[in-house]
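Structure at a glance
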Amino acid sequence: MVEIKLGGMGWSRTKGNGFMTGEASVSQSEIDQYERDGAIVLRKAFSDEWVERMRGGAERVMADGGPLALEYTKEAGKGRFFGDQFIWPRDETFRAFVFESPAAEIARRMMRSDTATLFYDHLLVKEAGTNEHTPWHHDLPYWPVEGDQVCSIWLALDPVSANSGGVEYIRGSHKWGKRYIGQSFSTDFDYSNPDMEPIPDIEAERDRHEFLIWDMEPGDCIVHHALTLHHSGANATSDRRRRGLATRWTGDDAVYTPRASTIRLLEDPGLTDGAPMPCKLFPQVLPR
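Residues numbered from 1 in each chain as written. Predicted model: local features only at pLDDT ≥ 70, side-chain atom pairs only at ≥ 80, totals over all residues. Heavy atoms only, no water.

Locating Ser152 in the fold gives a position in strand β9 (residues 150–156). There is a polar contact of 2.8 Å between the side chain of Ser152 and the side chain of Arg248. (Helix = DSSP H or I, 4+ residues; strand = E, 2+ residues; numbered from the N terminus. Polar contact = N/O pair within 3.5 Å; in protein donor to acceptor, adjacent residues only side chain to side chain.)

Two strands in a sheet stick together by hydrogen bonds in their backbones, pointing the same way (parallel) or opposite ways (antiparallel). Overall, antiparallel pairing links the 4 strands, which are arranged β7-β13-β10-β11 in an open sheet. Every interior strand has two partners, whereas the edge strands, β7 (134–137) and β11 (211–213), have only one. Across the sheet, the mean angle separating the axes of adjacent strands is 20° when strand polarity is ignored. Bridging between strand β10 (residues 167–170) and strand β13 (residues 230–232) involves 3 bridges; their strand directions are antiparallel. Opposite Val167, over in β13, you have Ser232 as the bridge partner. (Pairing = 2+ DSSP bridges. Axes fitted to C-alpha atoms, helices over the stretch in contact; angles between N-to-C directions.)

Counted under the stated rule, the structure contains 0 disulfides. Cys151 supplies the cysteine sulfur nearest to Cys221, a cysteine that is in no disulfide, at a spacing of 9.7 Å. (Disulfide = S-S within 2.5 Å.)

One pass over the full model with this rule turns up 24 salt bridges. Residue Glu127 is joined to Arg241 by a salt bridge in which the shortest nitrogen-to-oxygen separation is 2.9 Å. Taken together, the positions of Glu127 in the loop between β6 (116–126) and β7 and Arg241 in the loop between β13 and β14 (242–250) put the pair 114 residues apart, joining distant regions of the chain. On the basis of relative accessibility, which here comes to 18%, the residue Glu127 falls in the buried class. (Salt bridge = Lys/Arg side-chain N within 4 Å of Asp/Glu carboxyl O. Buried < 20%, exposed > 50% of the residue type's maximum accessible area, 1.4 Å probe, protein only.)

Attention shifts here to the packing of aromatic side chains. Two aromatic rings, taken as a pair, are described by how far apart their centres are and by the angle between their planes. A full pass over the atoms with the stated rule returns 12 aromatic pairs. Ring geometry for Tyr72 and Phe81: centres 4.6 Å apart, planes at 50°, overall tilted. You can call Tyr72 buried: its relative accessible area is 6%. Taken together, Phe86, Phe119, Tyr120, Trp143, Tyr256 and Phe282 form an aromatic cluster joined through their ring pairs. In this arrangement the basic side chain of Lys126 is found over the ring face of Phe81, its NZ or CZ atom lying 4.8 Å from the centre. Taking the ring centre of Phe211 as reference, the NZ or CZ of Arg206 above it sits at 4.2 Å. (Phe/Tyr/Trp six-rings, centres within 6.5 Å; stacked < 30°, edge-to-face > 60°. Lys NZ or Arg CZ within 6 Å of the ring centre and 35° of its normal.)

The subject of this paragraph is the nonpolar core. Judged by nonpolar contacts, the single largest core of 76 residues is most densely connected at Trp143, Val223 and Trp249. For this core, the element with the most residues is β6, which contributes 7 residues. Trp136, Ile170, Tyr180 and Ile202 belong to the second largest nonpolar core, which has 5 residues in total. (Core = buried A, V, L, I, M, F, W, Y, C linked by side-chain atoms within 4.5 Å.)

This part covers the pairing of β14. Of all 9 residues in β14, 9 are buried; the element is thus mostly enclosed. Residues Arg242, Gly244, Ala246, Arg248 and Thr250 line one face of β14 and the alternating positions Arg243, Leu245, Thr247 and Trp249 line the opposite face, and both faces are buried. Pairing analysis gives 9 bridges linking β6 to β14, with the strands arranged antiparallel. Residue Leu123 lies in a different strand from β14, and its bridge partner there is Leu245. Where β9 and β14 come together, 7 bridges link them in antiparallel fashion. For Trp154, the partnering residue across the bridge sits in β14 and is Ala246.

The following block contains the structure:
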């Protein structure tokens, strides 16, 4: 039995057969597409059983959020845009997803990495009638991480379309060699960083880019590179919720770089600048 304690909360698992459940199916052409475009949709990557388990977990978290939970909705009575992060240390269902679902293997294969280390899990829910947009951004400038082998897996727990807040990407933007200053999801505040550029007005230059957006069914997921620019629209006109579970993964070349990070961590990971990512806060899931 392996015992891991994090922030005073203990959890354990037994080594042996059955630790990873479900075989991730990722083809060479899908890996090539991910590397070329910076984002790809994988159909039915997660079983109906995983979808149902995570829907139940999402309801529990929305009713009783953790210390990093945020309400992104700016106007009372205008729907609900909810987020919570680092859920796995306190919730058995989210912990099972991290260590037993196909997510780690999908991330490892897409990144062409020998290892898959969880950075954090992130529940993002836009209820029907929610006006909030998620601003254009890419992930890496928010994070204390550097490396090319860094990705997110965004699992749909509900049917998703453009008018229910589907995520839209700029094809190939992970290859621009840019770092854009992040914007807060819950306010109009832009973070300050003299080493980064303000993000361009993407909506004003739509004719200059190729965009990717997919209708999704529960169990479909998107894998995107941490430098691919993306946003999601409001869920103001649809009649359904949009629950998405994002897990953030790092591979062999990723290192901890806290200098410009804006994300709130559950606790200090105890890593020095430039250290490899795996630690108690960021567990290496593969190889196990």
